[in-house]
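# Structural features, examined
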Amino acid sequence: MTHTDLLHASAPAPLERWLTAPRVRGLPGPSEAAAPPALSFEFFPPKTETLEAQFWACIRRLSPLRPRFVSVTYGAGGSTQARTHALVARLAAETTLPPAAHLTCVGATRAEVDEVARQYWAAGVRHIVALRGDMPGGGTYEPHPGGYAYAVDLVAGLRRIADFEISVAAYPEMHPAAVSLDADLDNLKRKLDAGATRAITQYFFDTETYLRFLDRALAAGITAPIVPGILPVTNFAQVARFSAACGTSVPPFLGRLFDGLDEDAETRRMVATVVAAEQVRLLQANGIDEFHFYTLNRPDLVYAIAHILGVRPSM
Ligand SMILES: Cc1cc2nc3c(=O)[nH]c(=O)nc-3n(C[C@H](O)[C@H](O)[C@H](O)COP(=O)(O)OP(=O)(O)OC[C@H]3O[C@@H](n4cnc5c(N)ncnc54)[C@H](O)[C@@H]3O)c2cc1C
């Protein structure tokens, strides 16, 4: 008997291996009876004319999916205030999409933030995503003297200004600066009690973590929707870096899926679609029927994933 014979004698033959492997049942597809999920899309304010053209192209491509709202982020330290305002006001004036403006507490007094909110209301914007924000350039957060200190304070301030719909941020894996999971959940509850009607989560890759977070939220008395924030990953290196900073854990399998694809953008996009589609289908199979997509101003992947979820364009 040779060494190779010995190896073959101890290892089961392929068919035997396949037949004894654990069986995995497929995920159910969206049933005909179930209503398609409600979607929202998040964009960032573009910096150049070319990127602005890409932004509007993205809006045109995704609008037939009739999102519940489209939101535009606010740069760190309020650095994109003018651009965010101009885009959101134009969305309100020129499209039928309900726009939501992200607004942060950083680098501004209460009076200044209140004025921005009033301008939004005057421009017909009825939805604010109220956030604390981060220090420009990173570093430990310091409330602005005379400003709103935390998102909860901003929510209360907005309530005093007008009857805005208000969304806030939630962290299934805990905000990196929170002292504990419970303290962070308590903070979320206070934001909702102060008048927010929905939470949108930081992006995550582990469905179990998100579902456990929902369990804990309900046990803490939260009943408002905590909509999963979905980030389709096409640039793994960038997402790995960003995740380390924002406290999202990146499962090792994700790195393996993108291994060797640095120079192959097309395959990366296909892999990204499959990964995000699996994630949303698993969430959908667990009963989740609202999704918030971090589009990064790129429509195609999001469009495909929305289609897989059962959303169809209506003109
Ligand atoms: C959906 C979503 C959209 C976002 N959009 C933007 C954007 O457009 N622009 C931007 O700059 N950033 C954005 N961010 C990032 C966000 O600004 C940061 O994650 C920020 O660090 C926390 O914001 P928050 O609103 O969650 O803060 P908060 O809810 O205020 O909480 C921040 C931290 O402070 C703690 N905390 C709360 N109250 C107190 C207190 N009284 N004393 C001590 N600690 C307290 C909380 O537990 C938490 O750890 C977004 C995040 C998400 C999830």
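That block above? That's the structure.
So, here is what we can say about the structure in this document.

Conventions and cut-offs
- Residues numbered from 1 in each chain as written.
- Predicted model: local features only at pLDDT ≥ 70, side-chain atom pairs only at ≥ 80, totals over all residues.
- Heavy atoms only, no water.
- Helix = DSSP H or I, 4+ residues; strand = E, 2+ residues; numbered from the N terminus.
- Expected span 1.5 Å × (residues − 1).
- Contact = heavy atoms within 4.5 Å.
- Pairing = 2+ DSSP bridges.
- Near = heavy atom within 4 Å.
- Polar contact = N/O pair within 3.5 Å; in protein donor to acceptor, adjacent residues only side chain to side chain.
- Areas by Shrake-Rupley, 256 points an atom, 1.4 Å probe, with all protein chains shown as cover.
- Nonpolar A, V, L, I, M, F, W, Y, C, P; charged D, E, K, R; others polar.
- Phe/Tyr/Trp six-rings, centres within 6.5 Å; stacked < 30°, edge-to-face > 60°.
- Lys NZ or Arg CZ within 6 Å of the ring centre and 35° of its normal.

Here helix 4 (residues 81-94) is 14 residues long and its end C-alpha atoms lie 20 Å apart, about the 20 Å a rise of 1.5 Å per residue gives. Those residues of helix 4 hidden inside the fold are in contact with helix 3 (49-62), strand 2 (69-72), strand 3 (99-104) and helix 5 (110-122).

With parallel pairing, the 9 strands of this open sheet are ordered in space as 7-6-5-4-3-2-1-9-8. Of all the strands in the sheet, the pair left with one neighbour each is strand 7 (226-227) and strand 8 (229-230). With 2 bridges connecting them, strand 8 and strand 9 (residues 290-294) associate as parallel partners. Note on strand 9: the bridge partner recorded for I230 is F293.

So, about the site of the ligand. The local shell around the ligand holds 22 residues, among which Y74, D134, Y171, H175 and K191 are the closest. The side chain of Y171 places a nitrogen or oxygen atom 2.7 Å from an oxygen atom of the ligand. Take D184: an N or O atom from its side chain is 3.0 Å from an oxygen atom of the ligand. Protein burial of the ligand: of its 990 Å² of free accessible surface, 82% is covered by the chains. Element by element, the count of residues in the shell around the ligand is highest for helix 7 (residues 181-193), at 4 residues. In terms of residue class, the shell around the ligand is made up of 10 nonpolar, 7 polar and 5 charged.

Once that is clear, we can look at the packing of aromatic side chains. For the structure on display, the rule yields 9 aromatic pairs. Here the aromatic cluster, defined as three or more aromatic residues joined through ring pairs, consists of F43, F55 and W56. Seen from the ring of Y303, R61 lies directly overhead, with NZ or CZ sitting 3.8 Å from the centre.

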